[in-house]
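An overview of the molecular structure
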Amino acid sequence: LGLNRINIFLSRLALVDAEEGFTVEAEMDKGNVKQLKMKGNGATVDYRAANPSTIRAPKSINDTPIHRVQLNSEAVILLQKAAAAMPQGVDTEVVTIVSDGESVAFELTDATKDVFSKIFGKATPIEEGNDTKFAHRYPLKTVIALFKVCPDGFVEIGQKGIMKMSINGLNMYVLPQV
């Protein structure tokens, strides 16, 4: 299944996922999901999936989750406002999620190198003894789209920086930017 427009997918999913009798049907084409039809309580919404071969992503996720970070809705709203307030430029297309071992913050840097930072939680090691210091950059629009769907949920961050968030039983992965 290729999800290349994650913000559109999540918006459409949110239209019907809480409806009574929610179901998802997949239309297949040559072994790949071509289209998802999401239904609930008389409403239907379609999502045309991408061909997985056109998405540049690893064939398998080989990253062991080592950090768990709790989100909070106030910080998610502030992240959205900060993204709108920072002048557009190459650096504003990413958000850096940083842990100093005590707290976790997101950072946005604008085109003039001004920085906005907000502490929003703390990293909890998934296994005892894991270091909770890290810094990874992620695509801003993707992170905002995921966080908006589940603003009080949590994310897991792997040893290699791959972020995992489970939404309605679907694991969503966000690869770190270099």
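Presented here is a report on the structure given in the accompanying data block. From a predicted model like this one, the values you see are computed outputs, not experimental measurements.

**Let's talk about the packing of aromatic side chains**
Tallying each qualifying case throughout the model produces three aromatic pairs. Measuring from ring centre to ring centre gives 5.2 Å for Phe 9 and Tyr 47, while their planes differ by 70°; the resulting arrangement is edge-to-face. On the criterion of sequence distance, the pair formed by Phe 9 in helix α1 (residues 6–16) and Tyr 47 in strand β3 (residues 43–48) is long-range, its members being 38 residues apart. Residue classification places Phe 9 among the buried residues on the basis of a relative accessible area of 2%.

**Focus on the sheet that holds strand β5 (residues 94–100)**
Ordered in space as β7-β6-β5-β9, the four strands form an open sheet in which the pairing is antiparallel. Strands at the two margins of the open sheet, each flanked by one partner only, are β7 (115–121) and β9 (133–139). On average, adjacent strands in this sheet sit at an angle of 20° to one another, irrespective of strand direction. Both strand β6 (residues 104–109) and β7 contribute to a ladder of six bridges, which runs antiparallel. Looking across to β7, one finds that Glu 107 is bridged to Ser 117. The strands that helix α2 (residues 73–85) touches are β5, β6 and β7; relative to β6, the one it contacts most, it runs at about 10°. Packing against the sheet, helix α3 (residues 140–149) makes contact with β5, β6 and β9, and its axis sits at approximately 100° to β9.

**Things to note about the nonpolar core**
The biggest cluster of nonpolar side chains holds 41 residues, and the ones touching the most others in it are Phe 9, Leu 79, Ile 97, Leu 146 and Phe 147. Tallying contributions element by element places α3 first for this core, with six residues. Residues within four places of Leu 79 in sequence aside, it is in contact with Val 95, Phe 106, Leu 108, Leu 140, Val 143, Ile 144 and Phe 147.

**Considering α1**
Burial in α1 covers these residues: Ile 6, Phe 9, Leu 10, Leu 13 and Val 16. Looking down the long axis of α1, one finds its buried residues gathered within 130° of arc, a one-sided arrangement. On its buried side, α1 packs onto β2 (32–40), β3, α3, β11 (163–167) and β12 (170–174).

**Structural notes on the environment of Lys 164**
Considering the arrangement of structural elements, one finds Lys 164 in strand β11. Remark: the alpha-carbon pair of Lys 164 and Arg 68, spanning 96 residues in sequence, is separated by 9.5 Å. Discounting chain neighbours no more than four positions away, the residues touching Lys 164 are Val 155, Glu 156, Asn 171, Met 172 and Tyr 173.

**What about the packing of α2 against α3?**
Each pair of packed helices can be described by the angle between their axes along with the distance between the axes. At a minimum axis separation of 10 Å, α2 and α3 run at an interaxial angle of 150°. The orientation of α2 with respect to α3, classified from their angle, is roughly antiparallel. Between α2 and α3 the crossing geometry is left-handed. Contacts from Val 76, Leu 79, Gln 80 and Ala 83 in α2 reach Leu 140, Val 143, Ile 144, Phe 147 and Lys 148 in α3.

How each quantity is defined
- Residues numbered from 1 in each chain as written.
- Predicted model: local features only at pLDDT ≥ 70, side-chain atom pairs only at ≥ 80, totals over all residues.
- Heavy atoms only, no water.
- Phe/Tyr/Trp six-rings, centres within 6.5 Å; stacked < 30°, edge-to-face > 60°.
- Helix = DSSP H or I, 4+ residues; strand = E, 2+ residues; numbered from the N terminus.
- Buried < 20%, exposed > 50% of the residue type's maximum accessible area, 1.4 Å probe, protein only.
- Pairing = 2+ DSSP bridges.
- Axes fitted to C-alpha atoms, helices over the stretch in contact; angles between N-to-C directions.
- Contact = heavy atoms within 4.5 Å.
- Core = buried A, V, L, I, M, F, W, Y, C linked by side-chain atoms within 4.5 Å.
- Arc of directions from axis to C-beta.
- Parallel < 35°, antiparallel > 145°, perpendicular 65-115°, else oblique.
- Left-handed = near helix turned anticlockwise from the far one by under 90°.

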